[in-house]
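Coordinates in review
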Amino acid sequence: MNGMEESSNPMTRRDWLRRGMALMPLGVAGCAGGGLMSPSLRKSQAQWEYHNRFLRSGARLRYRPHAAHGRPWTQRFEQAYRAHRGDPRVGYAVKNLATGRYLAEFQADRLFVGGSMPKPAVSAVLLERARGNLSREEFQHIVYACDKSENSSWFYLLSRIGPADEHHFLSKYGLPNVAIRDNVLSPRFYAEFYERCVNYRLDYGCELLLEAMRCDQYGLGRWVLPASITYIGGKTGNYGEWDHESLFFYYGSTPYAIILFTRGHFAPPGQDWKLGAMMGGLFRDYCA
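In this text, all values refer to a predicted model and were calculated from it rather than measured experimentally.

1. So, the sheet that holds strand β1 (residues 90–96)
Across the sheet, five strands lie side by side as β2-β1-β7-β6-β5; this open sheet has antiparallel pairing. Taken across any chain shown, the strands that pair with only one partner, and hence form the sheet edges, are β2 (102–106) and β5 (232–239). Each adjacent strand pair in this sheet contributes to an overall mean axis angle of 5 degrees, direction not counted. Here β1 runs beside strand β7 (residues 254–262); their pairing, made up of seven bridges, is antiparallel. By the bridge assignment, Y92 is partnered in β7 with L260.

2. Brief notes about the pairing of strand β6 (residues 242–251)
For β6, the tally of buried residues reaches eight of 10 residues, placing the bulk of the element in the interior. Taken together, the eight bridges between β5 and β6 define a ladder with antiparallel strand orientation. By the bridge assignment for β6, T236 is matched with E245. Hairpin connection between β6 and β7: a loop of two residues separates the two successive antiparallel strands, and G252 in this loop has a positive phi of roughly 65 degrees.

3. Observations regarding the environment of S186
Tracing the backbone shows S186 in the loop between β4 (184–185) and α10 (187–198). Owing to a relative accessible area of 2%, S186 belongs among the buried residues under this scheme. Sequence-wise, S186 and I259 are 73 residues apart; in three dimensions their C-alpha atoms are separated by 9.1 Å. Apart from residues no more than four positions distant in its own chain, S186 is found in contact with A108, D109, R110, L111, V178 and F261. A polar atom in the side chain of S186 sits 3.1 Å from the backbone nitrogen of F189.

4. Remarks on helix α5 (residues 75–84)
Owing to its 3.6 residues per turn, the α-helix brings residues three or four apart onto one side. F77, A80, Y81 and H84 are the residues of α5 that are buried. Considered in projection along α5, the buried side chains sweep an arc of 100 degrees and stay on one side of the axis. Facing away from the buried side of α5, by more than 90 degrees, are the exposed residues Q75 and A83. The inward-facing, buried residues of α5 abut β1 and α12 (273–286).

About the thresholds
- Within each chain, residue numbers correspond to sequence positions counted from 1 in written order.
- Residue-level local features of this predicted model are given only where pLDDT is at least 70; pairs of side-chain atoms are given and counted only at 80 or more, and the full residue set underlies all totals for whole chains, interfaces and linings.
- Only hydrogens and water are set aside when side-chain values are computed; all heavy atoms of the structure are taken into account.
- Paired strands, in this sense, are two strands between which DSSP finds at least two bridges.
- Strands here mean DSSP runs of E at least two residues long; helices mean DSSP runs of H or I at least four residues long; both are numbered from the N terminus.
- Every axis corresponds to a line fitted to the C-alpha atoms, with the helix fit spanning only the stretch in contact, and the corresponding angles, defined between N-to-C directions, vary from 0 to 180 degrees.
- Three exposure classes are used, based on accessible area relative to the maximum for each residue type with a 1.4 Å probe and protein chains only: buried under 20%, partly exposed in between, and exposed over 50%.
- Any two residues whose heavy atoms approach within 4.5 Å are treated as being in contact.
- Nitrogen and oxygen atoms within 3.5 Å of one another constitute a polar contact, given that in protein one can donate a hydrogen and the other can accept it, and given that sequence-neighbouring residues count only through two side-chain atoms.
- What the arc describes is the spread of directions from the helix axis to the C-beta atoms.

Right under this line is the structure:
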């Protein structure tokens, strides 16, 4: 029997079931709570959701992801990093996201006013609350909050979640007990949040969050990382005395996160390059 004759036969009940399962969101077809799925299934689920919920809604990313810039590592950067890596005004965490091992920590559990840092996490809480089923307007505000850090979109997203939603999100995903809605965060929280995103451990919105943060238009950490790093994203925050940088990226085949929080006007206008120096120094010491 040739291939054409085989394809013309009626489909069996088992064939129909297999096709139906293939068309279902993997979160329904697999185990609830992606932690029990294989990494490849979790990623497939997130990509299915991205295409069939986010893109189908009509919402769109505004920018393309961009690589690290690969600027030369100067003596000025090196000296600033060595002088301030133990500065009491800073807190940081460097984490291997494949093994879960912390490669460096300094005041990683200290709480800081987050500036704009909570915006991706607020987006994740809303995605969890709605089980990934958002309107075009809600999806688009997630993009606006993550890529150019628009405050109006942040406030829009905040209006759609409450204390119970935040508590559920932190508890379900085993995240440090911070105050996302009240803008009080720690370096460890963001290292753990990036680990959940990069490893597709959030049940809803991972691909959207990753892509939106890869389109982030700000930050100095990208400047001094090697231009060979093409998968990279993150979030920044600044307000008054507070200035923060954070990145997730693949260096070779290994995913990492570097989180830097500062207070006390560590990097005032004209000295914000010190944030890039700290991020680059942490990369060179613990990831390269």
